[in-house]
Amino acid sequence: MNVQEKHLTEAREDYLEALLMLSNGGATVRSKDIANFKKVSKASVSAALSTLDELGYICFDGSRAVRLTERGRAVADSTLKKHNMFVDFLVNCLGVDIQSAKESACKMEHAIGSDIAEKFSKFISGEMKKSAAKKNACKDGGSRPKNGKKILDKKLGVANKSAKCRKISSKS
């Protein structure tokens, strides 16, 4: 980790993430847009953007519009990807309501690095595929596609009885 990365706090990552979301589609973003989006004062935004500019994560154009640098975009993309991954996991796997999921994801996205996020994403994807497949499972262990016929274990010539359903979420 280099010196500049040590200065990238959760709050600064949130500013980069907000800038990415606001500039989606090439929109011009000014500090007042970020202040309105984050519901913070213009002075807070100005201080944060000044630091992010010094660290090389953003730049200002001639009209004082804020833009992500390549480096800032990489951090913002990673942060937003982790945020969306956690929201998806909390809502779809654990049954958490969307607002609580968004609030929790905002905290969780800063707690893990990109390498762990990638592994977690692959795990979630695999579990969701397993869960979807199990929704089509018959009581005797075979699975039933849309046409209603059982899928038989080709080795045994019988319905696969080794499939066991595992529920990831439960509502209290």
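Provided above is the structure to which this section pertains.
Read on for a plain summary of the structure. (Residues numbered from 1 in each chain as written. Predicted model: local features only at pLDDT ≥ 70, side-chain atom pairs only at ≥ 80, totals over all residues. Heavy atoms only, no water.)

The subject of this paragraph is the overall build of the protein. Looking only at helices and strands, the protein features 7 helices and 4 strands. Each helix and strand of the protein, placed in order from N terminus to C terminus, yields the pattern α-α-α-α-β-β-α-α-α-β-β. In the protein, of all internal contacts separated by at least 6 residues, the share reaching a separation of at least 24 is 51%. Accessible area for the protein stands at about 11,500 Å²; split by element, carbon and sulfur atoms hold 52% of it. (Helix = DSSP H or I, 4+ residues; strand = E, 2+ residues; numbered from the N terminus. Contact = heavy atoms within 4.5 Å. Areas by Shrake-Rupley, 256 points an atom, 1.4 Å probe, with all protein chains shown as cover.)

Attention shifts here to the nonpolar core. Counting residues in each nonpolar core, the largest one holds 20 residues, and the members touching the most others are Leu16, Leu52 and Ile58. When contributions to this core are tallied by element, the ones reaching two or more residues are α2 (10–22), α3 (31–38), α4 (42–54), β2 (66–68) and α5 (70–93). If we skip the residues at most four places from it in the chain, isoleucine 58 touches Leu16, Leu19, Leu49, Leu52, Asp53, Val66, Arg67, Leu68 and Thr69. In terms of nonpolar packing, the next biggest core, distinct from the first, is built from 11 residues, Phe86, Leu90, Cys93 and Ile124 among them. (Core = buried A, V, L, I, M, F, W, Y, C linked by side-chain atoms within 4.5 Å. Buried < 20%, exposed > 50% of the residue type's maximum accessible area, 1.4 Å probe, protein only.)

It is the contact of α3 with α4, at a shortest axis distance of 9 Å, that shows an interaxial angle of 115°. Relative to α4, the crossing made by α3 is right-handed. The residues of α4 that touch α3, namely those facing Ser31, Lys32, Ile34 and Ala35, are Lys42, Val45 and Leu49. (Axes fitted to C-alpha atoms, helices over the stretch in contact; angles between N-to-C directions. Left-handed = near helix turned anticlockwise from the far one by under 90°.)

Position of threonine 51 among the secondary structure elements: in helix α4. Remark: the alpha-carbon pair of threonine 51 and arginine 12, spanning 39 residues in sequence, is separated by 8.7 Å.

Looking now at the side chain of aspartate 14. Of note, aspartate 14 is situated in helix α2. One buried charged residue, aspartate 14, forms no salt bridge at all, with the nearest opposite charge on lysine 38 at 4.7 Å. A distance of 2.9 Å separates polar atoms of two side chains, one belonging to aspartate 14 and the other to histidine 110. If sequence neighbours within four positions are ignored, aspartate 14 has contacts with Lys38, Cys106, Glu109 and His110. (Lys, Arg positive; Asp, Glu negative; His and termini not counted. Salt bridge = Lys/Arg side-chain N within 4 Å of Asp/Glu carboxyl O. Polar contact = N/O pair within 3.5 Å; in protein donor to acceptor, adjacent residues only side chain to side chain.)

Here we come to α5. Over its 24 residues, α5 extends 33 Å from the first C-alpha to the last, a length consistent with the 34 Å expected when each residue adds 1.5 Å. Of the residues trailing α5, glycine 95 is marked for its positive phi of about 75°. (Expected span 1.5 Å × (residues − 1).)

Okay, unusual backbone geometry next. One non-glycine residue with positive phi stands out, namely lysine 39, at about 60°. Secondary-structure assignment places lysine 39 in the loop between α3 and α4. Look at lysine 39 and you get exposed, because its relative accessible area is 75%. With a phi angle near 70°, arginine 64 is a residue other than glycine that sits in the positive phi range. Along the chain, arginine 64 turns up in the loop between β1 (58–60) and β2.

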